[in-house]
Amino acid sequence: MTDPDRNVDLVLRSTRVVTPDGTRPASVAVTGGTITAVLPHGRGYGSELPPGARLEDVGDDVVLPGLVDTHVHVNDPGRAEWEGFWTATRAAASGGITTLIDMPLNSLPPTTTTAHLRIKREVAAPKAHIDVGFWGGALPDNVADLKSLHDAGVFGFKAFLSPSGVEEFPELDAAQLATSLAEIAGFGGLLIVHAEDPRELAAAPQRAGAKYADFLASRPRDAENAAIEGLIAAARRLDARVHVLHLSSADALPLIAAARRDGVRLTVESCPHFLTLTAEEVPDGATEFKCCPPIREAANQDALWQGLADGTIDCVVSDHSPSTTDLKTSDFATAWGGISSLQLGLPAVWTEARRRGHSLDDVARWMSTAPAALAGLDTKGAIEAGRDADFAVLAPDESFTVDPAALQHRNRVTAYAGRTLYGVVRSTWLRGRRIVADGVIAEPSGRLLERTDRP
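Residues numbered from 1 in each chain as written. Predicted model: local features only at pLDDT ≥ 70, side-chain atom pairs only at ≥ 80, totals over all residues. Heavy atoms only, no water.

1. A word on the overall build of the chain
The cut-off we apply is this: In DSSP terms, a helix is any run of H or I states spanning at least four residues, a strand is any run of E spanning at least two, and both are numbered starting from the N terminus. Radius of gyration: C-alpha atoms only; globule rule: 2.2 Å multiplied by the number of residues to the exponent 0.38. Using a 1.4 Å probe on the protein chains alone, a residue whose accessible area is under 20% of its type maximum counts as buried, one over 50% counts as exposed, and one in between counts as partly exposed. Should any heavy atoms of two residues lie within 4.5 Å, those residues are considered in contact. Per-residue and other accessible areas were derived by the Shrake-Rupley procedure at a 1.4 Å probe size, with only the shown protein chains allowed to occlude residues. When charges are tallied, Lys and Arg are placed among the positive residues and Asp and Glu among the negative ones, while His and the ends of the chain are skipped. Note on charges: their place is set at NZ of Lys, CZ of Arg, CG of Asp or CD of Glu.
For the chain, the count of helices and strands is 12 helices and 18 strands. Taking 23 Å as the expected radius of gyration for a compact globule of 455 residues, we find that the chain reaches 21 Å, a close match to that expectation. Overall, the chain is about 70 × 50 × 45 Å in size when its C-alpha atoms are taken along their principal axes. For the chain, buried positions account for 59% of its 455 residues. Of the contacts formed within the chain by residues at least 6 apart in sequence, a portion of 74% connects residues at least 24 apart. For the chain, the computed accessible surface area is about 16200 Å², with 50% contributed by carbon and sulfur atoms. Taken together, the 44 basic and 60 acidic charged side chains of the chain have centroids lying 2 Å from each other.

2. Thoughts on empty space enclosed by the protein
The condition that has to hold: Cavities and pockets were defined on a 1 Å grid built from protein atoms only: a cavity is a group of points that admits a 1.4 Å probe but offers it no way out, a pocket is an open group of points flanked by protein on both sides within 12 Å along at least five of seven lines, and a lining residue is one with an atom within 4 Å of any such point. Grid points are joined across faces, edges and corners, and a volume is the space filled by probe spheres set on the points.
In total, this model carries 2 cavities of 30 Å³ or more according to the counting rule given. Of the volumes computed, that of the largest cavity is approximately 100 Å³. If you go around the largest cavity, you meet 16 residues; those closest to its centre are Leu 67, Asp 69, Ile 97, Ser 318 and Met 367. Listed by contribution, the elements that provide at least two residues to the lining of the largest cavity are strand S6 (67-72) and helix H11 (345-355).

3. A closer look at the pattern of salt bridges
Put simply, the rule reads: By definition here, a salt bridge exists when the distance from a side-chain nitrogen of Lys or Arg to a carboxyl oxygen of Asp or Glu is within 4 Å.
For the coordinates displayed, the defined rule picks out 30 salt bridges. The partner of Arg 79 in a salt bridge is Glu 168, with the nearest N and O atoms 2.7 Å apart. Of the two residues, Arg 79 sits in the loop between S6 and helix H1 (85-94) while Glu 168 sits in the loop between strand S10 (157-160) and helix H4 (174-186), which places them 89 residues apart along the sequence. For Asp 388, the salt bridge is made with Lys 380, and the minimal N-O distance between the two is 2.9 Å. A relative accessible area of 14% means that Asp 388 is categorised as buried. By relative accessible area, which is 3% here, Lys 380 ends up buried.

4. What about unusual backbone geometry?
Backbone torsion omega between Asp 76 and Pro 77 reads 5°, so that peptide bond is classified as cis. Structurally, Pro 77 is set in the loop between S6 and H1. Here Cys 292 and Pro 293 are connected by a cis peptide whose omega angle stands at -5°. One can find Pro 293 in the loop between helix H9 (272-276) and helix H10 (298-309). Of note in this structure, Asn 75 is not a glycine but carries a positive phi near 70°. Within the fold, Asn 75 resides in the loop between S6 and H1. On the basis of relative accessible area, Asn 75 is assigned to the buried category, the value being 1%.

5. Comments concerning the packing of H4 against helix H7 (residues 221-238)
Under the convention used in this document: Lines fitted to C-alpha atoms define the axes, with helix axes restricted to the stretch in contact, and inter-axis angles between N-to-C directions lie between 0 and 180 degrees. Geometric relationships in this document are graded by angle, where less than 35 degrees denotes roughly parallel, more than 145 denotes roughly antiparallel, 65 to 115 denotes roughly perpendicular, and other angles denote oblique. Crossings are assigned a handedness: left-handed for a near helix turned anticlockwise from the far helix by less than a right angle, right-handed for a clockwise turn. Classification convention: Asp, Glu, Lys, Arg as charged; Ala, Val, Leu, Ile, Met, Phe, Trp, Tyr, Cys, Pro as nonpolar; all other residues, Gly among them, as polar.
At a minimum axis separation of 10 Å, H4 and H7 run at an interaxial angle of 40°. One way to sum up the angle between H4 and H7 is to call them oblique. Here the hand of the crossing between H4 and H7 comes out right-handed. Touching Leu 177, Ala 178, Leu 181, Ala 182 and Ala 185 of H4 are Leu 231, Ala 234, Ala 235, Arg 237 and Leu 238, all from H7. Across the contact of H4 with H7, the residue classes break down as 9 nonpolar, no polar and 1 charged.

6. Digging into the environment of Glu 122
Along the chain, Glu 122 turns up in helix H2 (residues 114-124). Between the alpha carbons of Glu 122 and Leu 448 there is a distance of 9.8 Å; along the sequence they are 326 residues apart.

And the structure:
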């Protein structure tokens, strides 16, 4: 036993631990909430545990790095009846997520000034079951606030190029995008963008009613493609760092790949619903499937998976955007657009990934390592020495049928109701502390996170 071993307080052992070097049998040593070593399974201290350390052997269950979800609408304060930090972080923890970053809308006030950020933090602090960070918002009239928000520790700035759906968070036109992006690039920040072109949307047929085909026609791929093309041009011109949110149109993948080859600093995410649900299966009137941009056809989904496989799409995050049940009317034109999936993202993605021949190493890269890298969370996203001891313990071959009543979301409306999914989360660990075990959730112990490169 070496001197560092004497400080170990937890050894988590499994025959399948997902590490940056692949899945292997291992014993993970934890000291004070930080991973200090990933040892061969056979070492694992055996009967010679360091004084005060405890051994947790999860057998053949898979130990993944805790998931990092960088796209969550918690809506608290102001619209906490839609969700809230207490329920959102319980749902996240139940789904193996140990870190989330909250979007600047649909809370009231939105996170667009340092005063609003302070309000958000005060509300979140006593309710956070997992670690929580915050995005700021880029609006037409808050360019002067962006640097102070950056200095206060937000992870970047969210902007819309088309109407957001809430009046307090207006979109940027081309000139406003350029102004905000130049300001953000000037201090080395990140702009994350809802990329749909308002002119393409205005030109698309707009029909009210329950038919999903009509709604899909109202949000054409060309709207995404045109907006992404414009964003790439602005990022290239300003040498700015940009991120495309919730990519739905696979037609944009060649544009994205070409921009990267040209040196544009561009990253891209997609979401579980785009990768696991298809337009062909959405029943008319089933607005629990409504989101913007929309769930598209199966052939488009196949191309998105190819984009994940070849690295054009970096990460998979939820875009958890809940509402109260009454806002999910049967009219696709007027129903709230958002899919609740915070608790179900891991099993949903794993179910489809395994069918397509992908591994849990891939899932960990898409849903933990890459989102952590996007946000600059260098203590999250991997099981290796020096990282936070955040884990999701998964039984990957066990299945369950989604029962909305079993979800921790405040409003239990879900597009996954009745679906059979693979991957049961046995337990979730935050900095070496088990916060979920077989469905039982501990009291809040999450921390509020800030960018690590703050001045």
